Amino acid sequence: MEKQLYLAAGCFWGAEHFFKQIDGVTFTEVGFANGNTDNPTYEQVYTDTTGFAETVRLSYDPLRVSLTFLLQMYFKAIDPTSLNQQGEDRGTRYRTGIYYTDPDDLPFIRQAMAHEAARHSKPLQVEVLPLNNFFRAEDYHQDYLDVNPDGYCHLPVALFREAREARDLATLQKAEKYRLLLKQLQSLLEGEKDPIACMANAAAMLHDTFHFWWTGFYRVVGDELVLGPFQGPVACMHIAYGKGVCGTAWQQCRTLLVPDVEQFPGHIACSAASRSEVVVPVMHDGSVTAVLDIDSQHLATFDYADRHFLQEVAALLPC
Ligand code: SME
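From a predicted model like this one, the values you see are computed outputs, not experimental measurements. The residue numbering used here restarts from 1 in each chain and proceeds along that chain's sequence as written. The predicted origin of the model limits local features to residues at a pLDDT of at least 70 and limits the giving and counting of side-chain atom pairs to 80 or more, whereas totals for whole chains, interfaces and linings rest on all residues.

Note that the domain bounds reflect an automated or database-derived domain assignment. The domains assigned to the protein are domain 1 (3-167) and domain 2 (188-315). Once you take the C-alpha centre of each, domain 1 and domain 2 turn out to be 35 Å apart. Contacts here follow a simple rule: the backbone-placed C-beta atoms of the two residues must lie within 7 Å. Counting from both sides, the interface comprises ten residues of domain 1 and, opposite them, ten residues of domain 2. Here a helix means four or more residues in a row that DSSP labels H or I, a strand means two or more in a row labelled E, and each is numbered from the N terminus. If you list the elements that add at least two residues to the side of domain 1 that touches domain 2, you get helix 3 (67-76) and helix 4 (106-117). For the side of domain 1 that touches domain 2, the residue count by class is five nonpolar, three polar and two charged. In this classification, Asp, Glu, Lys and Arg are treated as charged, Ala, Val, Leu, Ile, Met, Phe, Trp, Tyr, Cys and Pro as nonpolar, and every other residue, Gly included, as polar.

What follows is the structure in structure tokens.
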């Protein structure tokens with residue numbers, strides 16, 4: 001599983017050199033994003049009339065590095081309060097921007113922006129937009145500082161060392177815990193046919209391992225969800241199709257990551273203490289038979305790594 005992100009961080013030579021060294025980043029290339037022509041050349045972009053921003057396209061493995069961690073690194077490499085200027089490079093082509101292709105990224109980006117904004121007295125000048133277009137730059141711009149180690153760069157050398165040494169330990173440790181849990185759960189459930197017994201032990205194992213606020217299942221019974229095995233405080237017992245995070249995940253047949261429950265229209269607050277949530281549909285023969293619902297007392301607890309591993313948990317259940 002790989003994810004994509006497009007980051008404008010001033011001159012793309014140094015920016016690519018920085019991002020490519022971060023553990024979990026699997027691919028980088030430099031190019032021009034969100035402009036208003038096709039196939040621009042560097043010279044055309046340099047005139048500052050094409051609307052393009054020098055941008056690094058990244059692929060990353062979300063089981064090694066989270067979007068949130070990448071954005072924390074991004075903010076180390078830019079002055080986010082500077083408009084159309086990074087270092088001595090000036091112009092709209094050197095503006096800063098976070099361009100996303102997956103709308104599910106947006107709540108994580110917004111949260112990283114809010115976190116960063118709280119560290120500055122001036123407003124942030126980083127634009128957050130869907131990616132409209134991206135054109136790869138000419139070959140001689142790719143891996144520029146690898147090919148030209150003494151080439152121009154607006155970033156300090158110490159920053160590259162920081163990128164090389166950076167490890168998203170939270171994500172690495174979380175992935176390790178999930179892998180172990182999956183092994184244990186697989187052997188525990190082996191041969192067990194009763195879905196409720198399996199859900200009960202899956203909920204217990206997840207809850208015990210990660211100490212979430214609430215971990216449990218709602219089963220599809222007729223046209224609604226009914227409370228199933230869970231760990232944590234008492235919860236609402238019936239949820240209608242399409243209602244709340246659980247009913248919406250059932251309706252859309254997809255995992256929903258909710259970094260801030262207050263931002264999810266129609267969220268059902270079984271407990272005021274819950275601040276973020278993930279709901280994973282449990283599928284059997286192409287239809288949803290239950291949902292796995294997990295709540296956290298903290299914002300943005302769940303990300304793409306949780307989604308990946310919790311879907312593996314759901315796939316182990318004999319519903
Ligand atoms: N928050 C859920 C309801 C279930 S509780 O979180 C346990 C929802 O909006 O569907």
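Another aspect to go through is the sheet that holds strand 9 (residues 214-221). Strand order across the open sheet formed by six strands is 11-10-9-14-13-12, with antiparallel pairing between neighbours. Every other strand in the sheet has two partners, leaving strand 11 (238-240) and strand 12 (256-258) as the edge strands with one partner each. Strand-to-strand, the axes of this sheet are offset by a mean angle of 25°, without reference to chain direction. Strand pairing is assigned whenever DSSP detects at least two bridges linking the two strands. As paired strands, strand 12 and strand 13 (residues 276-284) are joined by three bridges and run antiparallel to one another. Across the sheet, residue V258 finds its bridge partner in strand 13, namely E277. In this analysis an axis means a line fitted to C-alpha atoms, helices contributing only their contacting stretch, and an angle means the value between N-to-C directions, from 0 to 180 degrees. The strands touched by helix 10 (residues 304-315) within the sheet are strand 12, strand 13 and strand 14 (287-296), with strand 13 carrying the most contacts at an inclination of about 35°.

Near residues are defined by distance alone, with the backbone-placed C-beta atom required to lie within 6 Å of the molecule or strand. In the region of the ligand, 14 residues are neighbours, and G244, V245, C246, I268 and C270 sit closest. At three residues, the largest contribution of residues to the shell around the ligand is made by helix 9 (residues 244-252). Class assignment of the residues belonging to the shell around the ligand gives a composition of eight nonpolar, three polar and three charged.

Taking strand neighbours across the sheet as the criterion, the six strands line up as 7-6-1-3-2-8 in an open arrangement whose pairing is mixed. Of all strands in the sheet, those bounded by a partner on one side alone are strand 7 (127-130) and strand 8 (134-136). Shown here is a sheet whose adjacent strand axes are inclined to one another by a mean of 35°, direction ignored. Pairing analysis gives four bridges linking strand 6 (residues 96-100) to strand 7, with the strands arranged parallel. The residue bridging Y100 from the neighbouring strand is P130, located in strand 7. Against the sheet, helix 1 (residues 12-19) engages strand 1 (3-9), strand 2 (25-33) and strand 3 (53-60), with an angle of about 15° to strand 3.

Okay, the nonpolar core next. A set of buried residues drawn from Ala, Val, Leu, Ile, Met, Phe, Trp, Tyr and Cys, joined through C-beta atoms within 7 Å, is what defines a nonpolar core. Counting other C-beta atoms within 10 Å of a residue's own tells you its class, since 20 or more makes it buried, 12 or fewer makes it exposed, and anything in between is partly exposed; those C-beta atoms are placed from the backbone. Within the largest apolar cluster, 43 residues are counted, with the highest numbers of intra-cluster contacts made by L7, A15 and L70. Elements supplying a minimum of two residues to this core: strand 1, helix 1, strand 2, strand 3, helix 3, strand 6 and helix 4. Broken down by element, the residue count for this core peaks at six residues, all from helix 3. When near neighbours in sequence (up to four residues on either side) are disregarded, L7 contacts A15, F19, T55, V56, L58, Y74 and I98. Core analysis: the second largest hydrophobic core is formed by 41 residues, W250, L256, V258 and A305 among them.

So, on to the environment of V45. Summarising the element assignment, V45 is placed in helix 2 (residues 42-46). Given 23 C-beta atoms within 10 Å, V45 falls into the buried group. Put simply, V45 and H120 are 75 residues apart on the chain and 30 Å apart in space, counted from C-alpha to C-alpha. Not counting chain neighbours up to four residues away, the residues in contact with V45 comprise F32, P40, T50, F52 and R93.

Summarising the sheet, strand 1 and strand 6 pair through four bridges and their orientation is antiparallel. Counterpart to A9 in the pairing with strand 6 is T96. When the strands point away from the viewer and the connection leading from the first strand across the helix to the second strand turns clockwise, the crossover is called right-handed. The parallel pair strand 6 and strand 7 is bridged by helix 4, and the resulting crossover is right-handed.

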